[in-house]
Amino acid sequence: MYNSIVLVKQVPDTSNISGKVMKDDGTVNRALLPAIFNHEDKSALELALQIKERFGGKVTVVTMGPLRASDILRESLFMGADEAYLISDRKFAGADTLATSYVLSEAIKKIGSFDFVFAGRQAIDGDTAQVGPQTAEKLNMPQITYAEEIIDIKENKVTVKHKIDGGHEILEAQLPVLITVLKDAVEPRPFSAKRVMAYKNASSLVELEKLAEGNSLLYVDKLVDEYTSRNLFIPTITTDEMTVDLERIGIKGSPTKVYKVESVVLGGGNHVNIEPTKAGIGSLIDQLMIDHIFG
Amino acid sequence: MKNITNDVWVFIEQRNGHAADVSYELLSKGRKLADSMNGTLKAVIIGSNVKHLATQVFGYGTDEALLIDNPALKDYLTVPYARILDKMIKEYTPRIVLFGATIIGRDLAPRVASSTKSGLTADCTDLQISDVTYLKQNYEKLLLQIRPAFGGNIIATIITPDNPTQMATVREGVMEMAPIAYPHDVKITEIPYIPDPMDELVKIIEQHMEGSKVNLKNAPIIVAGGYGLGTKENFNQVIELAKVIGADVAGSRAAVDAGFVTPDRQVGQTGVTVRPKLYIAVGISGAIQHRAGMQESNKIIAINNDPDAPIFDVAHYGIVGDAMDVIPVFIEVFKNKLK
C-alpha cells in the first residue's frame, strides 16, 4: 500500500489569449480567461492512480488557489482520487513560488502521512517548474523532476525514468519522495461516468454556503454534515486550520516582486514587404545570394 | 540584511568534465553584471576530477573559482549538489547566483532558493543591474530579471528587493558567450565535501544519452513552421522547403504541441535559442516566447497570411500570403536560380 498526495493547479488557458484579455495597462484580465486543469498535473494524478491500482493505497489531491479552483478538485474525483483539499485564503494572495511551496508543505504535513508527492513538472501560467522542488526541500525529502515513467516500486524504493539534458536516467529513490511529471509520461484517463454521477455535487464550504443562501447558519452546518457523510465535502484549509508563519505567506512571504509589466506591442515593424509572386520572391532570393546566404 | 556582498556566482554545470555552453554564457553576462556593481565574479564548480574547469572559467572573466571536487560528486544528484550550494550561500551570501535553465538548473536552483529563502526567477531572457524605486523605497543596484510571462503576452521585470541573494535561471543561447582577452590570474578556492546520509537517498541506476542528432544551435539556415500551417501535411511543405534550400527544420511551441514537429526542434523560450544566418518563419504568429528564441538571427523572413502578425515586427523581409501558395513559388524560383 502506498499513499500519494498530488499537487494540482487551476491555470488560465494561456494558449487561447485574445486581445480582449489584455487590459490597457498591460496586465492580464484573468477573469476573462477559461480556467483549466494544468495538463502536467493531470498526468501526475494519473501516475498516482496507477500506483493505487497496482499496489493499493489512497490518492489525495491538493490545490492552492482561489475558491473556484474546487472545479479541478471535482475533476480529480471524477478521475479516481479518493479525497481532495482546497487550500484557500485571501492571505495567500500574491504568493510567489517560495511562499506557495511553504503553504503547500505545511498543508501536506497537516493532511497526513504519504509515500509519494506528485506534481506536474510546471504550470502553463508561469512555466517556472519551481514549486515542486521547493516543496520537496521544505518537506526535507528527495525529489525527482521531469519524470517520464514509474518503472517499479519495491518495499520502500521506487525506480523512475526521468529526462535529463540529451537523454534519460533511471533513478532509484527511497520513499517518501516528491516526483514531478512530464505531460507525455502518461495519458490521463477520461472521467468515469459513474464517478461523475457520484461526485458532481461534491462541494467546498463556500459552495455549500451559496447553496444555503438565505437560510440560517445552522442550515450550512447541516449541509456540511450531510455532504461529509456522503463523502461529498471538499475540505477547505485556511490559515485558521493550519499553523503558518504569516511572515512567510502571500506577498509578505514572497521575495520576488513584479516591478514592471509591459504588454507586448503588436504591429508596426520595419521589414521589407515582398510580394508573394515569382518576381517578388525572385528578387528576395537574389538579395540573399548577394548577401552570401544562398549559393 | 547582514554581510551584503557584491559577488556574482555562476553555477558551472558539467557532465563528465565538460561544462555546458550556458555556463560560459552566464559567466560572460555575470562579468558585466559584476562590473556594473563593482563586484567580483565567482564560478562554482562541483564534480569529480573537474579542476581543469576551474582553470577554464577564467577565460570568461571569472575572478575566483570555488571548487568542490570529490569522487562522490561525479554525477549530478539533486540533494548533495543542493546541500553544498546551500551551505556555501549561507556562509558567503553572494548577491546574485545564476544557473542555466537546463533540466539540471531547473532542478537545482529552486531547491537551493527554498533552503536559503532567496528569490528565484525562471527562464530570464535579460538581466540588468539598476537602481530601483519600489513602493516608495529606494534600492541600489538591484538585479532586474526580465522574462516573458503569461503565454508571451507580457514581459515582466521581476526584482528581489529585500533579500540578500537574488537568483535566476537563464536559457541556453540567450546570453552571448564572450571570451576575454586578458583573463584574471587563476585563483582557485577548494571547499571540502562533507558527506551526509541524505545524499544517499537517490541513486543513479542507469544513464542513457541519446546523442544530439539535432543541432539547431549551429544551423546556418533554419526554416520553422507554426501552428498556422494547420495540419501535419501542410507542415511537410516546410520540410520540403528546408530540403531544397539546405536548411534545418524547426517549429514553434504550438507546432510541437500539435505534433507537427518533434520537441528537440522547438525554437523559443522553452526550446532552443538560435542565431542562424537566415531564419524563415512560416505560419508562425510570433509570440514573444518564440521571438525570444530567434530574433537575434542575422536575416529573418516571415511568411504569414495575417499582415498584423507580430512576427513581422522582427522580420527583415515579410511575405503576406498563404504558406501553401508561397512555399511552392519559393521552391520553384530557388531551383531555377541555383541550378
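Keep in mind the model is a prediction, meaning the values are calculated, not measured.

Peer 1: Report on the interface of chain A and chain B, specifying residues and quantitative values.
Peer 2: Put simply, an interface is often sized by how much accessible area is lost when its parts join up. Every contact between the two is made by 78 residues of chain A and, on the other side, 78 residues of chain B. Between chain A and chain B lies a buried interface of about 6,800 Å² when both sides are counted; carbon and sulfur atoms form 60% of it. The tally of links between chain A and chain B comes to three salt bridges. Residue Glu332(B) is joined to Lys278(A) by a salt bridge in which the shortest nitrogen-to-oxygen separation is 3.0 Å. In this assembly, chain A and chain B are joined by 34 residue pairs in polar contact (both at pLDDT 80 or more). Contributions of two or more residues to the side of chain A that touches chain B are made by helix H4 (131-138), strand E7 (143-154), strand E8 (157-164), strand E9 (167-174), strand E14 (257-263), strand E15 (272-274) and helix H8 (278-290) of chain A. Sorting elements by how many residues they give to the side of chain A that touches chain B places H8(A) first, with nine residues.

Peer 1: Outline the packing of H8(A) against helix H9 (residues 323-337) of chain B, supporting the account with residue identities and numerical values.
Peer 2: Pairs of packed helices are described in terms of their axes, by the angle between the two and the distance that separates them. At a minimum axis distance of 9 Å, the contact between H8(A) and H9(B) shows a crossing angle of 55°. Between H8(A) and H9(B), the interaxial angle falls into the category oblique. Here H8(A) and H9(B) pass one another in a crossing that is right-handed. Counted together, Lys278(A), Ile281(A), Gly282(A), Leu284(A), Ile285(A), Asp286(A) and Met289(A) of H8(A) and Val326(B), Val329(B), Phe330(B), Glu332(B), Val333(B), Phe334(B) and Lys337(B) of H9(B) form the full contact between these two elements. The residue makeup of the contact of H8(A) with H9(B), split by class, is nine nonpolar, one polar and four charged.

Peer 1: Lay out the environment of Asn156(A) in plain terms, naming residues and giving numbers.
Peer 2: Counting through the fold element by element, Asn156(A) comes out in the loop between E7 and E8. Within polar-contact distance, the side chain of Asn156(A) engages the side chain of Gln174(A) at 3.5 Å.

Peer 1: Describe in detail the side chain of Arg74(A), supporting the description with residues and values.
Peer 2: Residues and elements named next belong to chain A. Mapped onto the elements of the fold, Arg-74 is located in helix H2 (residues 70-79). Separated by 2.8 Å, the side chain of Arg-74 and the backbone oxygen of Ala-202 make a polar contact. Aside from chain neighbours lying at most four places away, what touches Arg-74 is Tyr-199, Lys-200, Ala-202, Ser-203, Glu-207 and Ile-234.

Peer 1: Any details on the pattern of salt bridges? Residues and values, ideally.
Peer 2: Counted under the stated rule, the structure contains 33 salt bridges over all chains. Across the pair Arg230(A) and Glu226(A) runs a salt bridge whose closest N-O atoms are separated by 2.8 Å. For Arg230(A), a relative accessible area of 45% puts it in the partly exposed group. The structure contains a network of salt bridges with shared partners spanning Asp7(B), Lys42(B), Glu64(B) and Lys187(B).

Peer 1: Tell me about the packing of helix H5 (residues 232-245) of chain B against H9(B), residues and numbers included.
Peer 2: Residue and element names in this part refer to chain B. Relative to each other, H5 and H9 sit at 15°, their axes nearing to 10 Å. One element, H5, and the other, H9, form an angle in the roughly parallel class. Here the hand of the crossing between H5 and H9 comes out left-handed. Contact residues: Asn-234, Gln-237, Val-238, Glu-240, Leu-241, Val-244 and Ile-245 in H5; Met-324, Ile-327, Pro-328, Phe-330, Ile-331, Phe-334 and Lys-335 in H9. Residues that form the contact of H5 with H9 fall into these classes: ten nonpolar, two polar and two charged.

Peer 1: Lay out the packing of aromatic side chains with the relevant residues and their values.
Peer 2: Remark: the centre distance and the inter-plane angle together describe each pair of aromatic rings, the angle taken between the planes. With the rule as written, the count across this model stands at twelve aromatic pairs over all chains. For the ring pair Tyr227(B) and Phe260(B), a centre distance of 6.4 Å and an interplane angle of 15° mean the geometry is stacked. Taken as a pair, Tyr227(B) in the loop between strand E14 (221-225) and H5 and Phe260(B) in the loop between helix H6 (253-257) and strand E16 (278-282) lie far apart in primary sequence, 33 residues in all. Looking at Tyr227(B), the relative accessible area reads 53%, which means it is exposed. What makes Phe260(B) buried here is its relative accessible area of 9%. Considering the side-chain rings of Phe235(B) and Phe260(B), the 6.0 Å spacing of their centres and the 40° angle between planes classify their relative orientation as tilted. Placement of the pair is Phe235(B) in helix H5 and Phe260(B) in the loop between H6 and E16, with a sequence separation of 25 residues. Through successive ring pairs, a cluster of aromatic residues spans Tyr2(A), Phe55(A), Phe116(A) and Phe118(A). Above the ring of Tyr227(A), the side-chain terminus of Arg230(A) is found at 5.6 Å from the ring centroid.

Peer 1: Talk me through the sheet that holds strand E5 (residues 83-87) of chain A; I want residue IDs and the actual numbers.
Peer 2: On the basis of which strands lie adjacent, the open sheet formed by ten strands has the order E13(A)-E5(A)-E4(A)-E1(A)-E6(A)-E10(A)-E7(A)-E8(A)-E9(A)-E13(B) and mixed pairing. Looking at strand neighbours, the two that pair on one side only are strand E13 (236-237) of chain A together with strand E13 (202-209) of chain B, the edges of this open sheet. Pairing geometry for E5(A) and E13(A), over two bridges, is parallel. When the sheet's bridge partners are listed, Leu86(A) is paired in E13(A) with Thr236(A).

Rules used throughout
Residues numbered from 1 in each chain as written. Chains lettered and ligands numbered in written order. Predicted model: local features only at pLDDT ≥ 70, side-chain atom pairs only at ≥ 80, totals over all residues. Heavy atoms only, no water. Contact = heavy atoms within 4.5 Å. Buried area = accessible area lost by both parts, 1.4 Å probe. Salt bridge = Lys/Arg side-chain N within 4 Å of Asp/Glu carboxyl O. Polar contact = N/O pair within 3.5 Å; in protein donor to acceptor, adjacent residues only side chain to side chain. Helix = DSSP H or I, 4+ residues; strand = E, 2+ residues; numbered from the N terminus. Axes fitted to C-alpha atoms, helices over the stretch in contact; angles between N-to-C directions. Parallel < 35°, antiparallel > 145°, perpendicular 65-115°, else oblique. Left-handed = near helix turned anticlockwise from the far one by under 90°. Nonpolar A, V, L, I, M, F, W, Y, C, P; charged D, E, K, R; others polar. Buried < 20%, exposed > 50% of the residue type's maximum accessible area, 1.4 Å probe, protein only. Phe/Tyr/Trp six-rings, centres within 6.5 Å; stacked < 30°, edge-to-face > 60°. Lys NZ or Arg CZ within 6 Å of the ring centre and 35° of its normal. Pairing = 2+ DSSP bridges.

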